[in-house]
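# Tertiary structure, described
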Amino acid sequence: MELELKGKNAIISGSSRGIGLAIAKALHKEGCNVIIIDPGYTINGNHDEKNIAENIAEDIRNKYNTETLAITKDVSNETDMQKSIETIMRKFNNIDIVVNNAAILRDGFVFKYSLEDWKKVIDINLTGAFNLINKTSKIMKEQSKKDNNYNH
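Residues numbered from 1 in each chain as written. Predicted model: local features only at pLDDT ≥ 70, side-chain atom pairs only at ≥ 80, totals over all residues. Heavy atoms only, no water.

### Let's talk about the nonpolar core
Note on soluble globular proteins: their nonpolar side chains tend to be buried together. Spelled out, the test is: Nonpolar cores are built from buried Ala, Val, Leu, Ile, Met, Phe, Trp, Tyr and Cys residues. Side-chain atoms within 4.5 Å join them into one set. For each residue, the accessible area found with a 1.4 Å probe, counting protein chains only, is set against the maximum for its type, and the residue is called buried under 20%, exposed over 50%, and partly exposed in between. Helix and strand labels come from DSSP, where a helix needs a run of H or I of at least four residues and a strand needs a run of E of at least two; each type is numbered from the N terminus.
Within the largest apolar cluster, 14 residues are counted, with the highest numbers of intra-cluster contacts made by L27, V34, I36, I56 and I60. For this core, the secondary structure elements donating two or more residues are β1 (9-13), α1 (18-29), β2 (33-37) and α2 (52-64). The dominant element in this core, judged by the number of residues it contributes, is α2, at five residues.

Structural data, given as structure tokens:
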């Protein structure tokens, strides 16, 4: 059974570089509309390029002729994620796929970590994943109920 992705809406956090970017491109290639959530942090957690998500979204949109949206907010901020999901829903009306890919790293030795470094890693890697799933799963659950009503 082949999975039909054309016209599906996918949110991918941390999708301006590396694995997230590869996922975004692969989904676009299959016809997905992709929402790139990336505030421009490098893997080291430095705020490198604020508009990288917007540039990537534009490049992909032009190459694959699908819809994109760049969200330049930090996934660890609950209020920003709530507002971002509202923006996504206004543009796309539904969410089909969520990929939690946002992550940062600090030096690998715990004795070199500052408490601030530790908190930032936890905020992005764990709280950010929770925020995105928490906000989108409610919507996807309601969509599933509506879809199942149409199929019966």
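### Regarding the sheet that holds strand β3 (residues 68-71)
Heads up, the rule is: A pair of strands is labelled paired if DSSP reports no fewer than 2 bridges between them. All axes are obtained by fitting lines to C-alpha atoms, using only the stretch in contact for helices, and the reported angles, taken between N-to-C directions, cover 0 to 180 degrees. The criterion used for residue contact is that any of the two residues' heavy atoms lie within 4.5 Å.
Spatial strand order, β3-β2-β1-β4: four strands in an open sheet with parallel pairing. Two strands lie at the open edges of the sheet, namely β3 and β4 (97-99), each paired on one side alone. Taken pair by pair, the neighbouring strands of this sheet meet at an average axis angle of 15°, ignoring direction. α1 rests against β1, β2, β3 and β4 of the sheet, and its axis sits at about 170° to β1. Lying over the sheet, helix α3 (residues 78-92) contacts β1, β2 and β3, oriented at roughly 165° with respect to β3.

### Quick word on the pattern of salt bridges
So the rule is basically this: Any Lys or Arg side-chain nitrogen located within 4 Å of an Asp or Glu carboxyl oxygen qualifies as a salt bridge.
One pass over the full model with this rule turns up four salt bridges. Of the charged contacts in the structure, one is a salt bridge between E67 and K91, with a shortest N-O distance of 3.5 Å. Within this pair, whereas E67 is found in the loop between α2 and β3, its partner K91 is found in helix α3, the two being separated by 24 residues in sequence. Overall, the relative accessible area of 40% leaves E67 in the partly exposed class. The class for K91 is partly exposed, based on a relative accessible area of 40%. A salt bridge links E78 to K135, with the shortest nitrogen-to-oxygen separation between them at 3.0 Å.

### What about a nonpolar patch on the surface?
Applied cut-off: By definition, no residue in a patch forms a salt bridge, and every one has over 30% relative accessible area; like charges are joined within 9 Å, nonpolar side chains (Val, Leu, Ile, Met, Phe, Trp, Tyr) within 5 Å. Working definition of accessibility: Shrake-Rupley area with a 1.4 Å probe, residue cover restricted to the visible protein chains.
Together, F109, V110 and F111 line one region of the surface with nonpolar side chains, adding up to about 380 Å² of accessible area. Looking at F111, the relative accessible area reads 66%, which means it is exposed.

### A few points about the side chain of N9
In plain terms, the rule: Pairing of N or O atoms within 3.5 Å defines a polar contact, subject to two protein rules: one partner must be a possible hydrogen donor and the other a possible acceptor, and residues neighboring in sequence count only if both atoms are side-chain atoms.
Its location among the elements puts N9 in strand β1. Side chain to side chain, N9 and N33 meet in a polar contact 3.0 Å long. If sequence neighbours within four positions are ignored, N9 has contacts with N33, F92, N94, I95, D96 and I97.

### A closer look at α2
Short version of the rule: To estimate how far a helix should extend, the number of its residues minus one is multiplied by 1.5 Å. The directions considered for the arc run from the helix axis to the C-beta atoms.
Here α2 is 13 residues long and its end C-alpha atoms lie 18 Å apart, about the 18 Å a rise of 1.5 Å per residue gives. Taken residue by residue, α2 has I52, A53, I56, A57 and I60 as its buried positions. Along the axis of α2, the buried positions cluster into a sector of 130°, meaning they face one direction only. The outward face of α2, more than 90 degrees from its buried face, is lined by the exposed residues D59 and N62. Just past α2, the residue N65 takes up positive phi, approximately 55°.

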